Amino acid sequence: MMSNNFNQTEKDGLYKAIFSRRDVRSHFTSESIDDEIITRILTAAHHAPSVGFSQPWNFILIKDQETRRKIKESFSLENKKASKLIEDPKKSKYLSLKLEGILESAINLCITYDPTKFGPFVIGRTSIPEAGIYSVCCAVQNLWLAARAEGIGVGWVSILSNQELKKALDLPDHIIPIAYLCLGHVTEFAEKPDLETEGWLSRLQLDDVVYYEKWNEKQNMNWEKIQELIKENLDYA
Ligand SMILES: Cc1cc2nc3c(=O)[nH]c(=O)nc-3n(C[C@H](O)[C@H](O)[C@H](O)COP(=O)(O)O)c2cc1C
């Protein structure tokens, strides 16, 4: 039977994957990914939690250059649209950011959501239909972390038209694309998010995002010790 507890080495491994995972756009190499590695990280994704155990995901592996070219075209169009929503100097900064690695990564992967799988009655999805989509996001994160442990970089591209994605990948009407990912070996995993290095945004302190008992409550007697610990900011990053 599997032990209930992680030993220190196992814990260190998990936290290392979490803290050193990056969204990768600029550091892909042309090296291909072993099929065994792809299989392992897909298996990790498939073991994600899902509402009512509905496993509403599918994974579409993409190598074809023509498909990628179409997706890249959609990116370019949507990226231009996005840049029109902001003014200089933010606009020029935005346009200087590298926000995808569609053509230069080893493979692309689209993770989709099928709301009809094991439905329409899915335990836990009756009040919050979005729980289906949340489940697919859990699969994405499992894959992202497993890939990091395997030394594979992952970049999520959401500056895309879902309509164009559906056309390019022959998705049936009821299937919703959730994540379009670029995967590959990398020259490096940056220490910080690219958007932080570029001065776009920085990581908030944990203390900025935790409330106690009620929205916006920053002080609460039941939580004194943890308030102190969080203020000391034990963040690895
Ligand atoms: C739902 C989602 C969509 C994202 N879309 C994009 C994207 O279109 N282009 C991009 O460069 N990064 C994208 N990212 C990556 C984020 O910018 C990145 O996660 C964030 O800046 C923090 O960096 P890190 O992942 O390296 O920690 C996306 C991330 C998520 C979770």
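In this report, we go over the structure that sits alongside the text.

What counts, and at which threshold
- Residues numbered from 1 in each chain as written.
- Predicted model: local features only at pLDDT ≥ 70, side-chain atom pairs only at ≥ 80, totals over all residues.
- Heavy atoms only, no water.
- Patch = residues over 30% accessible without salt bridge, like charges linked within 9 Å, V, L, I, M, F, W, Y side chains within 5 Å.
- Areas by Shrake-Rupley, 256 points an atom, 1.4 Å probe, with all protein chains shown as cover.
- Salt bridge = Lys/Arg side-chain N within 4 Å of Asp/Glu carboxyl O.
- Helix = DSSP H or I, 4+ residues; strand = E, 2+ residues; numbered from the N terminus.
- Buried < 20%, exposed > 50% of the residue type's maximum accessible area, 1.4 Å probe, protein only.
- Pairing = 2+ DSSP bridges.
- Axes fitted to C-alpha atoms, helices over the stretch in contact; angles between N-to-C directions.
- Core = buried A, V, L, I, M, F, W, Y, C linked by side-chain atoms within 4.5 Å.
- Contact = heavy atoms within 4.5 Å.
- Near = heavy atom within 4 Å.
- Polar contact = N/O pair within 3.5 Å; in protein donor to acceptor, adjacent residues only side chain to side chain.

## Remarks on a nonpolar patch on the surface
Step number 1: Residues Phe 6, Leu 14, Tyr 15, Ile 18 and Phe 19 make up a contiguous nonpolar surface patch of about 440 Å² in total accessible area.
Step number 2: Tracing the sequence through the fold places Tyr 15 in helix α1 (residues 8-20).
Step number 3: On the basis of relative accessibility, which here comes to 38%, the residue Tyr 15 falls in the partly exposed class.

## As for the sheet that holds strand β3 (residues 152-156)
Step number 1: Taken in spatial order, the 4 strands line up as β1-β2-β4-β3 in an open sheet, and their pairing is antiparallel. Either end of the sheet is taken by a strand with one partner, and the two such strands are β1 (57-62) and β3. The mean angle between the axes of side-by-side strands here comes to 25°, regardless of whether they run parallel or antiparallel.

## Some thoughts on the nonpolar core
Step number 1: Membership of the largest hydrophobic core comes to 26 residues, with the highest contact counts inside it found for Ile 33, Leu 109, Ile 111, Leu 143, Val 154, Leu 181 and Leu 183.
Step number 2: Mapped by element, the contributors of at least two residues to this core are α2 (35-46), β2 (107-113), α5 (131-149), β3 and β4 (176-185).
Step number 3: Among the elements that make up this core, the one with the highest residue count is α5 (7 residues).
Step number 4: If we ignore the near neighbours within four places in the chain, the residues touching Leu 183 are Phe 28, Ile 33, Ile 41, Ser 105, Ala 106, Ile 107, Leu 109, Ile 152, Gly 153 and Val 154.
Step number 5: In this structure, Phe 28, Ile 62, Leu 97 and Tyr 180 belong to the second largest nonpolar core, which totals 21 residues.

## Observations concerning the site of the ligand
Step number 1: Around the ligand, the neighbouring residues are Arg 21, Arg 22, Asp 23, Arg 25, Leu 99, Trp 156, Val 157, Ser 158, Ile 159, Pro 193 and Leu 195.
Step number 2: In this structure, Asp 23 approaches the ligand through a main-chain N or O atom, which is 2.8 Å from an oxygen atom.
Step number 3: Contact distances for the ligand include 3.5 Å between an oxygen atom and a backbone N or O atom of Ile 159.
Step number 4: Look at the ligand: alone it shows 610 Å² of surface, and the protein chains cover 73% of it.

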